[in-house]
Amino acid sequence: DAGEGPLVDDVDRFLVGPTEDAPALAGTLSPARAERLRRLLVADPDLPGGASTLDAAAGQVRVMRDHIRFLKLALREGNLANIRFHGEHMVNLAYGDPPEDVDGNGDPSNPGDGVGLLGPEGGRPGYLPRILNLSGASAEVPAGDLTLVLAEIAAAGRSCGRAGSVNGGRRCVAVISARDARLAALWRELRREARAGATIPLEAP
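It should be emphasised that the depicted structure is a prediction, and the values quoted were computed from it without experimental measurement.

1. Topic: the overall build of the chain
A count of helical and extended segments in the chain gives six helices and two strands. If you list the helices and strands of the chain from N to C, you get β-β-α-α-α-α-α-α. Across its three principal axes, the chain shows a C-alpha extent of roughly 75 × 30 × 30 Å. Here the chain, with 205 residues, has 41% of them falling under the buried criterion. A sequence separation of at least 24 residues applies to 58% of the contacts in the chain between residues at least 6 apart. When the accessible surface of the chain is totalled, it reaches about 10400 Å², and 51% of it is carbon and sulfur. With 23 positive and 28 negative side-chain charges, the chain shows a spacing of 9 Å between the two charge centroids.

2. Digging into helix α1 (residues 31–41)
Of the positions making up α1, those classed as buried are Arg33, Ala34, Leu37, Arg38, Arg39 and Leu40. In the core, the buried residues of α1 are packed alongside α2 (53–77), α4 (127–135) and α6 (170–197).

3. Re the pattern of salt bridges
Taken as a whole and judged by the stated rule, the model has 12 salt bridges. Two residues, Arg39 and Asp44, come together in a salt bridge whose shortest N-O distance is 2.5 Å. A residue is classified by how much of its surface remains accessible, and Asp44, at 2% relative accessible area, is buried.

4. A closer look at unusual backbone geometry
Here the bond from Asp97 into Pro98 is cis, since omega is 0°, no more than 30 degrees from zero. Here Pro98 shows up in the loop between α3 (80–95) and α4.

5. Looking at the side chain of Arg33
When you line up the elements, Arg33 lands in helix α1. Despite its burial, Arg33 remains without a salt bridge, the nearest opposite charge being carried by Glu193 at 12 Å. Beyond its immediate stretch of four places on either side in the chain, Arg33 contacts Leu134, Ser135, Gly197, Ala198 and Thr199.

6. Some remarks on helix α5 (residues 140–161)
When the terminal C-alpha atoms of α5 are compared, their 31 Å separation across 22 residues agrees well with the 32 Å that a helix rising 1.5 Å per residue should span. Within the sequence span of α5, burial applies to Pro142, Ala143, Leu146, Val149, Leu150, Ile153, Ala154, Ala156, Gly157, Cys160 and Gly161. Buried residues in α5 make contact with α2, α3, α4 and α6.

7. Re the environment of Ala57
Mapped onto the elements, Ala57 comes out in helix α2. For the pair Ala57 and Val149, spaced 92 residues apart in sequence, the C-alpha to C-alpha distance is 15 Å. Setting aside its immediate chain neighbours within four residues, Ala57 contacts Leu117, Tyr127, Ile131 and Trp187.

8. Some points on the state of the cysteines
Overall, the coordinates contain one disulfide when judged by the stated rule. There is a disulfide in this structure between Cys160 and Cys172, and the S-S distance comes to 2.1 Å. Across the S-S bond of Cys160 and Cys172 the torsion is about 115°, and the bridge reads as right-handed. With a gap of 12 residues between them, Cys160 in helix α5 and Cys172 in helix α6 connect regions that are remote in the sequence.

9. So, a nonpolar patch on the surface
On the surface, a nonpolar cluster with roughly 200 Å² of combined accessible area is contributed by Val16, Leu25 and Leu202. Mapped onto the elements, Leu25 comes out in strand β2 (residues 25–28). Given a relative accessible area of 31%, Leu25 falls into the partly exposed group.

10. Points about the packing of α1 against α4
Where α1 meets α4, the axes come as close as 9 Å, and the angle between the chain directions of the two elements is 140°. In terms of axis orientation, α1 runs oblique to α4. Handedness of the α1/α4 crossing: left-handed. Two secondary-structure elements touch here, α1 through Arg33, Arg36, Arg39 and Leu40 and α4 through Ile131, Asn133, Leu134 and Ser135. Per-class residue counts for the contact of α1 with α4 are three nonpolar, two polar and three charged.

Reading the values: rules and limits
- Residues numbered from 1 in each chain as written.
- Predicted model: local features only at pLDDT ≥ 70, side-chain atom pairs only at ≥ 80, totals over all residues.
- Heavy atoms only, no water.
- Helix = DSSP H or I, 4+ residues; strand = E, 2+ residues; numbered from the N terminus.
- Buried < 20%, exposed > 50% of the residue type's maximum accessible area, 1.4 Å probe, protein only.
- Contact = heavy atoms within 4.5 Å.
- Areas by Shrake-Rupley, 256 points an atom, 1.4 Å probe, with all protein chains shown as cover.
- Lys, Arg positive; Asp, Glu negative; His and termini not counted.
- Charge placed at Lys NZ, Arg CZ, Asp CG, Glu CD.
- Salt bridge = Lys/Arg side-chain N within 4 Å of Asp/Glu carboxyl O.
- Expected span 1.5 Å × (residues − 1).
- Disulfide = S-S within 2.5 Å.
- Patch = residues over 30% accessible without salt bridge, like charges linked within 9 Å, V, L, I, M, F, W, Y side chains within 5 Å.
- Axes fitted to C-alpha atoms, helices over the stretch in contact; angles between N-to-C directions.
- Parallel < 35°, antiparallel > 145°, perpendicular 65-115°, else oblique.
- Left-handed = near helix turned anticlockwise from the far one by under 90°.
- Nonpolar A, V, L, I, M, F, W, Y, C, P; charged D, E, K, R; others polar.

Structure representation (structure tokens):
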């Protein structure tokens, strides 16, 4: 993007060769495919701030990992209110808006952008379904694995959000803590596969 729009704007054919009339390789890009690539890698007007889907999702993964760290700190400090508070964040970062008042304090809290990494059931798609839709089959395996990990984190977060004591929150914090590294690794794999799938095949004409 040189200030005049991304490469895929108004482009439907790619040629590689010494001249346009004698290409060694050629490939085509449908308008629908161009739009998917634009949303995945450049900008998605349906997302907060219009960021690309991959960049916005990366930001939400970072926020979740930050709040996993805050949750572990709350346990070390013996702070039940914060165990419950950050447990609620695990749920709402995963499922997005409307946020759920998991800890029952009357003030549902979501430190994320409201889209949700998984998205609300029956609502608009979260980041993982969006990435899978935009990038295609190459991202299916890491997206499926990451979906399971995020669902486990959210379920444990729900338990933390309703913990009746610090000791009662130890197990759910341990479950979430144990999945933190896996979350990071699967996100890196998903991002790599999504980018790798954003290709335009070139063949001899």
